[in-house]
Each structure stands twice: as structure tokens, then as C-alpha cells.
Amino acid sequence: QVQLVESGGGLVQPGGSLRLSCAVSGSAISINPMAWYRQAPGKQRELIADRNKDGSPNYADSVKGRFTISRDNDKNTVYLQMNNLKPTDTAVYYCRLRQIITGTIYWGQGTQVTVSS
């Protein structure tokens, strides 16, 4: 059974930072592509960070230069470091795993990030 559990969300002031974590069980993140998405109220879920086939990170223009995706294979955990947060970053953040062998997509339950003064 593959499970993804996000944590690290919360309320932060504009300009602040948060680090989200996505702990994965049942599947190895070292071989299965991981990504971070977010969904703001009334909007579609959007891809904000993942990795290209060569391993280089890929970011949405809206977060480029502020967000960093990383992973710890030993802990089977993916992270999203978010700096210089803006009110427009307010959303529920989700991690996603695509299992190479089956093509199945797995999602975490999401973690709320609210940027407000």
C-alpha cells in the first residue's frame, strides 16, 4: 500500500518561509518521480515543482527562484522549501508520486499553507 503524508504547512507572514515534507511509504522515491502541486480556492490544481528525466528540477514560473524541491532517499521523503512567501502562495499543497512500473498516480492528503499578515 502506497501512502504519502504531507506536513509542515501553516500560517506565515508575507516574506516568511516554510518547509513542507512528504513522507512516502510503500514505494521508493529514488526510482519513482515525485512532484509538488497546489490548489488555491476556486482554482485548478497546478504543478509547481518536479524533476526532469535528467534529475534537474523544474519549477512553475510563479515559484521559480523562491521554492526548492529536494529529497532524502534514506528517509524516503521529499521536501519543498518555500521562501519569500506571498499571499498568492496560499493554497493546499499536495505531493504526488507516479509509480513507474504500474503508471499509478498517488496523492497525499494535502497540507494548508496560508500567507497573510
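Preceding this section is the structure that the text describes.
A brief structural summary. (Residues numbered from 1 in each chain as written. Predicted model: local features only at pLDDT ≥ 70, side-chain atom pairs only at ≥ 80, totals over all residues. Heavy atoms only, no water.)

1. A few points about the overall build of the protein chain
Within the protein chain, the regular secondary structure consists of zero helices and eleven strands. If you list the helices and strands of the protein chain from N to C, you get β-β-β-β-β-β-β-β-β-β-β. Taken over the C-alpha trace, the protein chain has a radius of gyration of 14 Å; the compact-globule value for 117 residues is 13 Å, and the two agree within 12%. Each principal axis of the C-alpha distribution contributes one length, and for the protein chain these read about 45 × 25 × 25 Å. Looking at the protein chain as a whole, 41% of its 117 residues qualify as buried. Counting only contacts in the protein chain whose residues sit at least 6 apart along the sequence, the fraction spanning at least 24 positions is 55%. A total of about 6,400 Å² of accessible surface is found on the protein chain, and carbon and sulfur atoms cover 47% of it. For the protein chain, the separation between the mean place of its 13 positive charges and that of its 8 negative charges on side chains is 2 Å. (Helix = DSSP H or I, 4+ residues; strand = E, 2+ residues; numbered from the N terminus. Rg over C-alpha atoms; globule rule 2.2 N^0.38 Å. Buried < 20%, exposed > 50% of the residue type's maximum accessible area, 1.4 Å probe, protein only. Contact = heavy atoms within 4.5 Å. Areas by Shrake-Rupley, 256 points an atom, 1.4 Å probe, with all protein chains shown as cover. Lys, Arg positive; Asp, Glu negative; His and termini not counted. Charge placed at Lys NZ, Arg CZ, Asp CG, Glu CD.)

2. Quick look at the state of the cysteines
One pass over the structure, following the stated rule, counts one disulfide. A sulfur-sulfur distance of 2.0 Å marks the disulfide that ties C22 to C95. Since a negative S-S torsion denotes a left-handed disulfide, the C22-C95 link at about 65 degrees is right-handed. Of this pair, C22 sits in strand β3 (residues 18–25) while C95 is found in strand β9 (residues 91–98), placing the two residues 73 residues apart along the sequence. Each of the two residues, C22 as well as C95, counts as buried. (Disulfide = S-S within 2.5 Å.)

3. Describing the sheet that holds strand β8 (residues 77–82)
Read from one edge of the open sheet, four strands run β1-β3-β8-β7, paired in antiparallel fashion. Looking along the sheet, the strands with just one partner apiece sit at the ends: β1 (3–7) and β7 (67–72). Direction aside, the axes of adjacent strands within the sheet are offset by 15 degrees on average. In this sheet, β8 lies alongside β7 in antiparallel orientation, the contact comprising six bridges. Residue pairing in the sheet places D72 in a bridge with T77 of β8. (Pairing = 2+ DSSP bridges. Axes fitted to C-alpha atoms, helices over the stretch in contact; angles between N-to-C directions.)

4. Considerations on the packing of aromatic side chains
Under the defined criterion, the tally for this structure stands at two aromatic pairs. Arranged with centres 4.9 Å apart and planes meeting at 70 degrees, the rings of Y37 and W107 form a pair that is edge-to-face. Of this pair, Y37 sits in strand β4 (residues 34–39) while W107 sits in strand β10 (residues 105–107), and the two are 70 residues apart along the sequence. Judged by its relative accessible area of 14%, Y37 is buried. Residue classification places W107 among the partly exposed positions, given a relative accessible area of 36%. Look at Y94 and W107: their rings are 6.4 Å apart centre to centre, the planes differ by 90 degrees, and that puts the pair in the edge-to-face class. On the criterion of sequence distance, the pair formed by Y94 in strand β9 and W107 in strand β10 is long-range, its members being 13 residues apart. Following the ring pairs from residue to residue traces out a cluster consisting of Y37, Y94 and W107. It is R19 that lies over the ring of Y79; its NZ or CZ is 4.2 Å from the centre. The side chain of R45 reaches across the aromatic face of W107, ending 4.6 Å from its centre. (Phe/Tyr/Trp six-rings, centres within 6.5 Å; stacked < 30°, edge-to-face > 60°. Lys NZ or Arg CZ within 6 Å of the ring centre and 35° of its normal.)

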